[in-house]
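Residue-level structure breakdown
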Amino acid sequence: MAVLTFIVLLLTAYSLLVRNSFTFNALEPSIVASLWGMLLLACTELFLKLPDPVLAIDPFFQRMLSHLKLFFFSFLALVVLFVGILLIWLSLRLLLI
């Protein structure tokens, strides 16, 4: 996946630097493909190790810290979900134009 994302990023850079009919038509799909690749790489890296659950035998401050970690992790998951929905909308819009 990382290699494919790198190739698409190179295609995006080439499309921005060189102006001809191929690069003009390939710019938007290469941008969307590079965004998808970067989102998938970020998701695999961010959600590789899930935070530990909150245990009742933990001390109070440890439980508070665990709850705070879970809150920020859930917020990050919602942000990634929102970005994924935006990318789906952008991809469908690109396909239907």
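Residues numbered from 1 in each chain as written. Predicted model: local features only at pLDDT ≥ 70, side-chain atom pairs only at ≥ 80, totals over all residues. Heavy atoms only, no water.

Focus on the overall build of the protein chain
Tallying secondary structure elements over the protein chain gives 3 helices and 0 strands in all. Each helix and strand of the protein chain, placed in order from N terminus to C terminus, yields the pattern α-α-α. A globule of 97 residues ought to have a C-alpha radius of gyration of about 13 Å, yet the protein chain, at 19 Å, is considerably larger. On the principal axes, the C-alpha backbone points of the protein chain span a range of 65 × 25 × 15 Å. Residues classed as buried in the protein chain amount to 19% of the 97 residues present. Per element, the accessible surface of the protein chain, about 7,600 Å² overall, is 79% carbon and sulfur. Between the averaged position of the 5 positive side-chain charges in the protein chain and that of its 4 negative side-chain charges there is a distance of 6 Å. (Helix = DSSP H or I, 4+ residues; strand = E, 2+ residues; numbered from the N terminus. Rg over C-alpha atoms; globule rule 2.2 N^0.38 Å. Buried < 20%, exposed > 50% of the residue type's maximum accessible area, 1.4 Å probe, protein only. Areas by Shrake-Rupley, 256 points an atom, 1.4 Å probe, with all protein chains shown as cover. Lys, Arg positive; Asp, Glu negative; His and termini not counted. Charge placed at Lys NZ, Arg CZ, Asp CG, Glu CD.)

Some thoughts on helix α2 (residues 21–46)
The terminal C-alpha atoms of α2 lie 38 Å apart, and with 26 residues this matches the ideal 38 Å at 1.5 Å per residue to within 8%. At Leu-27, α2 is bent by approximately 40°, the largest bend along its length, and proline Pro-29 sits one to four residues beyond. Of all the positions in α2, only Thr-23, Ala-26, Leu-27, Ser-30, Val-32, Ser-34, Gly-37 and Leu-39 are classed as buried. At its buried positions, α2 is contacted by α1 (2–17) and α3 (60–96). In this structure Asn-20 caps α2, since a side-chain oxygen of it lies 3.2 Å from the backbone nitrogen of Phe-22. (Expected span 1.5 Å × (residues − 1). Bend = angle between axes of the 7 residues up to and from the residue. Contact = heavy atoms within 4.5 Å. Polar contact = N/O pair within 3.5 Å; in protein donor to acceptor, adjacent residues only side chain to side chain.)

Digging into the environment of His-67
Along the chain, His-67 falls in helix α3. Overall, the relative accessible area of 46% leaves His-67 in the partly exposed class. Sequence separation between His-67 and Asp-52 is 15 residues, and the spatial gap between their C-alpha atoms is 9.8 Å.

Here we look at the packing of aromatic side chains
Throughout the structure, instances matching the rule amount to 3 aromatic pairs. Ring geometry for Phe-47 versus Phe-73: centroids 5.2 Å apart, planes at 85°, classification edge-to-face. Taken together, the positions of Phe-47 in the loop between α2 and α3 and Phe-73 in helix α3 put the pair 26 residues apart, joining distant regions of the chain. Phe-47 sits in the partly exposed class, given a relative accessible area of 25%. (Phe/Tyr/Trp six-rings, centres within 6.5 Å; stacked < 30°, edge-to-face > 60°.)

Overview of α1
Over its 16 residues, α1 runs 23 Å from end to end, which matches the ideal 22 Å to within 8%, given 1.5 Å per residue. When α1 is considered as a whole, its buried residues turn out to be Thr-5, Val-8, Thr-12 and Ser-15. All buried residues of α1 project into a common sector of 80° when viewed along the axis, lining one side. Exposed and facing more than 90 degrees away from the buried side of α1 are Val-3, Phe-6 and Leu-17. Against the buried residues of α1 lie α2. (Arc of directions from axis to C-beta.)

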